[in-house]
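Analysis of the macromolecular model
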Amino acid sequence: MYTLKKASLRIDESYLKCKNGCDYYGNEEWGGYCSKCHWERKKEARLEVVERGALKEKQQQSPLGFAKFEEKKRYQSDKKAKLLKVFAKSPNSKDRGKPESLFGPETGEAEAVHAEYQELFSKVGAKVETDIHKCIRSFYKKLLSDAENPLTSIDELSERAQNFYQILTARLDEENCYRGLSSEEKEQLIDYAEKYAMTCLYRILFCPATTTDEDKDLYIQKRIRQLNWVSAKHLDCGIDETSTEVHDLVYSSITELLGMDSTKAPQDKLGCVMRCCRKILHLMQKCVGGPTSADDFLPALIFVVLKANPARLKSNINYVTRFCNASKLMSGEGGYYFTNLCCAVSFIENLTYESLNMPEDEFNQYMSGKIIPSGTWESALIMCEGMHLINENLTIFGDLRKRHAAIMMEIEALKDEMIKFQDEMLERVSDLRENVPLELRPIREPMDIDAEDPAIADLPPPLSPQIVEERVQQPRPRSPRQDSPEWQIPSYPDEALVTVNYDIDLSDLSGGEASQADDQPMHHSLDTGSVASLDLFRTSPPPLPPSNLSLLDSNQISPSLPSPIKPLQSSSSPYQGFSSQGWQIPSIPCDTGTSCFEERSQKHLHEQGQQQLQHQPVQQNNVPAQDQENSLGVKILGNTLEALDSLL
Amino acid sequence: MKTHNNRVDIKVVIVGNMSVGKTSLIQRFIHENFKENMNETIGAAFSAKELTSMSGSKRIVGIWDTAGTERYRSMVKMFYRDAKAAIVCFDITNKSSWEGLRSWISELREVEENCKVYICGTKKDLVDEGISEREVPLEKCNEYARGIQVKLLETSSKTGENVDELFQSIVDECVLDESIIAKSSLQLAENDKRRMCC
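Our subject in this report is the structure included herewith. (Residues numbered from 1 in each chain as written. Chains lettered and ligands numbered in written order. Predicted model: local features only at pLDDT ≥ 70, side-chain atom pairs only at ≥ 80, totals over all residues. Heavy atoms only, no water.)

1. Observations concerning the interface of chain A and chain B
Each partner contributes to the interface: chain A provides 38 residues, whereas chain B provides 30 residues. Across the chain A to chain B interface the summed buried area is about 3200 Å²; carbon plus sulfur atoms make up 62%. Considering only the surface of chain A that becomes buried against chain B, Pro291, Met330 and Tyr336 of chain A emerge as the three largest contributors, covering 20% of it. Where chain A touches chain B, the interface holds 1 salt bridge. We note a salt bridge from Asp236 of chain A to Arg71 of chain B, for which the minimum N-O separation is 3.4 Å. The interface formed by chain A and chain B holds 11 residue pairs in polar contact (both at pLDDT 80 or more) in total. Put simply, the parts of the chain that give the side of chain A that touches chain B at least two residues each are helix H12 (266-288), helix H13 (294-308), helix H15 (326-331) and helix H16 (333-349) of chain A. (Contact = heavy atoms within 4.5 Å. Buried area = accessible area lost by both parts, 1.4 Å probe. Salt bridge = Lys/Arg side-chain N within 4 Å of Asp/Glu carboxyl O. Polar contact = N/O pair within 3.5 Å; in protein donor to acceptor, adjacent residues only side chain to side chain. Helix = DSSP H or I, 4+ residues; strand = E, 2+ residues; numbered from the N terminus.)

What follows is the structure in structure tokens.
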């Protein structure tokens, strides 16, 4: 195929004849000889080289041998494990006297290729895998020994490779172990064989020393560098150099094309070309606005090749042409693109002022670097690069600014929230301060006790006096004026509270006339405990609070106080009895209860009154006044109680 | 269509001068449409389509578009390799395209001997609708085609007239050729065997 692209229409036919004078056409690549004469000349030359090489080898044998030995040893130690794996299936191949260093460097990659096709092998089974590896190995060995012989040309090797592909294809159709495989799997197997073998043989087959590939690489590289001034306009190519989207596509297609040199298997190289060309088609569609025809595509590809200047372009093309499965290269999509690439390279090689539609002088001046067109791709590229960068940075900045503003707003919001929270908290704290003044705490304690009262209130009111009577009757005979056994009763959880309660009771009773409280002793006792009654006391004239305070005082002072106080506490006994033993008297009629209570309380109150009269002077300085006020308060209380009673 | 890209049975090259309608012809054949909604597809440069031959066997036809521009003209012959058939296009409303036809055919015959050549006169609809005048008379075309023993069809990519027929006849002939080759190779093999025995 590459032989064809060398031919040029613009050259006179006589010039094309073989230099030897035979009637066949000559070829530039073959030094102007026809193929027959060329091969003969080449054979002669090669024989000479071999002879000379043999001589040289003799001279340098010892150092070379040592180097080889060392190399071998290194590979053996490094790759032993891998080699063992590879050779595991054919232990014979290990001792064939073949230098392992040839297989060594590619072993890792061959393994990678094998791993790539692992899925396929798991599908087709071990038998197929073994057989295909046998084929590959035999081909590998044959080709390796052929390659060692300097008389075999690269074209012969290429022919061997193509034969191998054909034989393998036939084998897949005929052999028993391949029966039952789909055509797709067979195709993949051939693909695998090609990839595996070529990856292993890459070092020998790519750009071999026997060819002039390397010189051609250098030539085309230099030529492309010379032509770097060629723009899309010169090629009649519709690439829109100003669009960034097109730019990006051009860049990515260039990248794909450059990637060709780094792959090893021919089909991988072909894949790079394919991806590159698909991107070009895509970008041409963007530029042209319709389906890309070959008229748009080829110039664009030439342009991309000129701008990419891929490394070892000619070697790569020749390698693919020689060793890629011909059936793939000739008809498929990859083949089409590859042919186009060959066209592009051929066009670049044979490019003249005519192909660019420009005067010869101008072309020559450009080629010699005397003038540089202002509107070249490069300068545009540099300009656009800067603009592109600026644009990119601007968008980044814009984004940053937006984000910054958002953050600032969030900060403000957070600040507001914090202030609001602070205000709220302050307000709540002040509210709490207003609503719940700290000073009232100690007074609240009795209120806590009140909370217990509702439970007592559940009891039927008339019953309670009976308890009191019973309770009181018992201690009386024994110790009428004693400190009371109740005083010692441990069943009360909080003595202090109980006494407080009693003090209230007492103060009410002692302060006021017994008769007033007598009517409804139960109510009275309950009410004294209730908040309402307390409130009444509190709102009532100032002298009353002292009485409350006195309760506290009595609690605190009681131990150090002289005996007169004690009756006070003893007086608590009836009530205590009532509250604690209320459950014991279910059936006693109300009347008896009240009468009993009346009697008792009257007696009791008398005593208490006396006691208090004695006691109060000691406790409080303003007793007479307080007494009066107390009686007044009790009167009021009595009235309210009556009112409450009537309401009830 | 994508699935056909890897394997192609019949390679068909389309050649012809610039703007004779090569790409439109491919577009019509592959996507069955004309310029109106060409934007949908990319790359009419290479395309493939499966066709069923008369004998019932299926073949994937890969179509290679070529550049018709004069400056790339010398490269086009690289595309001929291994092509089973070539469609040489000319514009029936453009006389110069007809004159270019001969050079295309001679080049084809020179490079790829076994490639079957088909002549395709495009833009038939322009003449049928009376928009343009026919510059290449049909009799002249037929005479020439008969002379070099190739098939001639006049097509319209706009209406689709004769487009499918053109490709169908290519597939049919290729399949026929295949069977002939298979038969002859079989005979050869038998002959070889006989010789071996002797």
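2. Things to note about the nonpolar core
Residues and elements named next belong to chain A. Counting 92 residues, the largest nonpolar core has Leu235 and Ile239 as the members making the most contacts within it. Ranked by residue count, the leading element in this core is H13, at 11 residues. Not counting residues within four places of it along the chain, the set of residues in contact with Ile239 comprises Ala232, Val246, Val250, Leu283, Met284, Cys287, Ala300 and Phe303. Counting residues in each nonpolar core, the second largest holds 38 residues, with Leu120, Ile136, Ala161 and Met198 among its members. (Core = buried A, V, L, I, M, F, W, Y, C linked by side-chain atoms within 4.5 Å. Buried < 20%, exposed > 50% of the residue type's maximum accessible area, 1.4 Å probe, protein only.)

3. Side note on the pairing of strand S4 (residues 85-91) of chain B
Residue and element names in this part refer to chain B. The element S4 is largely enclosed, with a buried count of 7 among its 7 residues. On S4, burial covers both faces: Ala85, Ile87, Cys89 and Asp91 on one face and Ala86, Val88 and Phe90 on the other are all buried. Of the pairings in the sheet, the one linking strand S1 (residues 10-16) to S4 comprises 5 bridges and is parallel in character. Residue pairing for S4: Ile14 is matched across the bridge by Ile87. Here 7 bridges tie S4 to strand S5 (residues 116-122), and the two strands are oriented parallel to one another. Its bridge partner lying in S5, Ala86 is registered against Val117. (Pairing = 2+ DSSP bridges.)

4. Looking at the packing of aromatic side chains
Considering all chains together, one arrives at 22 aromatic pairs over all chains under this definition. The interplanar angle of 35° and the centroid separation of 5.8 Å between the aromatic rings of Tyr336 of chain A and Phe46 of chain B together place this pair among those described as tilted. Highlighted residues: Tyr336 of chain A in helix H16 and Phe46 of chain B in strand S2 (residues 46-52), drawn from two different chains. When sorted by exposure, Tyr336 of chain A lands in the same class as Phe46 of chain B, which is buried. One cation-aromatic arrangement involves Lys49 of chain B over Phe29 of chain B; the distance from NZ or CZ to the ring centre is 4.8 Å. (Phe/Tyr/Trp six-rings, centres within 6.5 Å; stacked < 30°, edge-to-face > 60°. Lys NZ or Arg CZ within 6 Å of the ring centre and 35° of its normal.)

5. Digging into unusual backbone geometry
Peptide bonds are trans in most cases, and residues, glycine excluded, mostly fall at negative phi. Residues and elements named next belong to chain A. With a phi angle near 50°, Cys207 is a residue other than glycine that sits in the positive phi range. Within the secondary structure, Cys207 is located in the loop between helix H9 (183-205) and helix H10 (213-226). Phi is positive for Arg312, which is not a glycine, with a value near 50°. Positionally, Arg312 belongs in the loop between H13 and helix H14 (313-323).

6. Brief notes about the packing of helix H2 (residues 95-111) of chain B against helix H4 (residues 138-148) of chain B
Geometry of a packed helix pair, given as the angle between the helix axes and the separation of the axes. Residues and elements named next belong to chain B. Packing of H2 against H4 brings their axes to within 13 Å, and their N-to-C directions diverge by 10°. Considering their axes alone, H2 and H4 lie roughly parallel with respect to each other. From H2, Lys95, Trp98, Leu101, Arg102, Ile105 and Arg109 reach across to H4, where they touch Lys140, Cys141, Tyr144 and Ile148. The class makeup of the residues in the contact of H2 with H4 is 6 nonpolar, no polar and 4 charged. (Axes fitted to C-alpha atoms, helices over the stretch in contact; angles between N-to-C directions. Parallel < 35°, antiparallel > 145°, perpendicular 65-115°, else oblique. Nonpolar A, V, L, I, M, F, W, Y, C, P; charged D, E, K, R; others polar.)

7. As for the pattern of salt bridges
Any two side chains of opposite charge can pair, so long as their charged atoms come close to each other. All names here are of chain A. Enumeration according to the criterion identifies 26 salt bridges over all chains in this entry. Measuring nitrogen to oxygen at the nearest pair gives 3.0 Å for the salt bridge that ties Lys314 to Glu349. Residue Lys314 is found in helix H14, and its partner Glu349 is found in helix H16; the two are separated by 35 residues along the sequence. Note on Lys314: relative accessible area 3%, which makes it buried. Ionic contacts of the salt-bridge type, sharing partners, join the residues Glu116, Lys195 and Asp268 into one network.

8. Concerning the sheet that holds S2 of chain B
Within a beta sheet, neighbouring strands are joined by backbone hydrogen bonds and run either parallel or antiparallel to one another. Residue and element names in this part refer to chain B. The mixed open sheet is built from 6 strands, whose spatial order is S2-S3-S1-S4-S5-S6. Looking along the sheet, the strands with just one partner apiece sit at the ends: S2 and strand S6 (151-154). Pairs of neighbouring strands in the sheet enclose a mean axial angle of 25°, with direction left out of account. Pairing analysis gives 4 bridges linking S5 to S6, with the strands arranged parallel. Within S6, the position partnered with Ile119 by the bridge is Leu152.

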